[in-house]
Every structure is written in C-alpha cells, then in structure tokens.
Amino acid sequence: MSTVRYDRTALQRAATAAGQPNSWQMAARLGVGTMTAWRLWHGHGAPSVQTAARVELVYGLPMAALLKPAEVRKKVPA
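Visitor: I'm lost on the overall build of the protein in this one. Help?
Guide: Secondary structure summary: the protein contains five helices and two strands in total. With 78 residues in all, the protein has 28% of them scored as buried. For the protein, long-range pairs separated by at least 24 residues make up 60% of all intrachain contacts whose partners lie at least 6 apart in sequence. With the model as given, the accessible surface of the protein reaches about 5,400 Å², and the carbon-plus-sulfur share is 57%.

Right under this line is the structure:
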C-alpha cells in the first residue's frame with residue numbers, strides 16, 4: 001500500500017501569496033470545511049485527490065509539487 005505525504009509549506013506559501021494567510025480563509029477559498037483546512041495547514045493528514053486538484057485550480061500549485069510519495073522505512077537487521 002502506498003502512502004502519500006504533502007508539502008504543507010508549499011500550500012501555506014501559495015495560500016498566503018493569494019491573500020489567505022490562515023486556514024479558515026484558505027477553507028473559504030478552496031470550498032472545504034474549516035477542520036479540513038486546519039488539518040492541511042498544520043500538517044495533520046494529506047489532502048484528498050479532489051482537494052489537491054482544487055489547490056491546483058485555485059492557487060496554481062501543481063499536484064506534483066504538493067503531493068509526494070512517503071519514504072518507505074526499511075527495518076534494519078538487529
């Protein structure tokens with residue numbers, strides 16, 4: 001199973017540059033719930049594909065720049 005993480009600082013920079021310097025203003029602009037926006041702003045969970053597409057549409061931040069595969073940690077032999 002693949003895990004996705006995202007660059008919340010890129011999202012924060014894009015939102016701030018567009019005049020939404022906090023999560024509740026970003027929520028209104030993206031059309032998502034305030035709790036969803038708060039989680040994204042603070043790095044708790046990753047955006048859904050739909051939300052990532054909306055970020056790209058609203059802020060011009062490509063999904064490829066926002067989403068990235070999570071590192072796979074391998075067990076070190078004891």
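Next comes the rest of the account.
Visitor: What am I meant to see in the packing of helix α2 (residues 23-30) against helix α3 (residues 34-42) here?
Guide: The relative placement of two packed helices is expressed as an angle between their axes plus a distance between the axes. Interaxial distance between α2 and α3 falls to 8 Å at its minimum, and their mutual angle equals 120 degrees. The orientation of α2 relative to α3 falls into the category oblique. For the pair α2 and α3, the sense of crossing is right-handed. Residue-level inspection shows Ser23, Met26 and Ala27 of α2 in contact with α3, the latter providing Thr34, Ala37, Trp38, Leu40 and Trp41.

Visitor: Would you mind showing me how to read the packing of helix α1 (residues 8-17) against α3 here?
Guide: At a closest axis distance of 8 Å, the pairing of α1 and α3 adopts a crossing angle of 120 degrees. Residues Arg8, Leu11, Gln12, Ala15 and Thr16 of α1 form the contact with α3, whose participating residues are Leu40, Trp41 and His42.

Each value, and the rule that gives it
Residues numbered from 1 in each chain as written. Predicted model: local features only at pLDDT ≥ 70, side-chain atom pairs only at ≥ 80, totals over all residues. Heavy atoms only, no water. Helix = DSSP H or I, 4+ residues; strand = E, 2+ residues; numbered from the N terminus. Buried < 20%, exposed > 50% of the residue type's maximum accessible area, 1.4 Å probe, protein only. Contact = heavy atoms within 4.5 Å. Areas by Shrake-Rupley, 256 points an atom, 1.4 Å probe, with all protein chains shown as cover. Axes fitted to C-alpha atoms, helices over the stretch in contact; angles between N-to-C directions. Parallel < 35°, antiparallel > 145°, perpendicular 65-115°, else oblique. Left-handed = near helix turned anticlockwise from the far one by under 90°.

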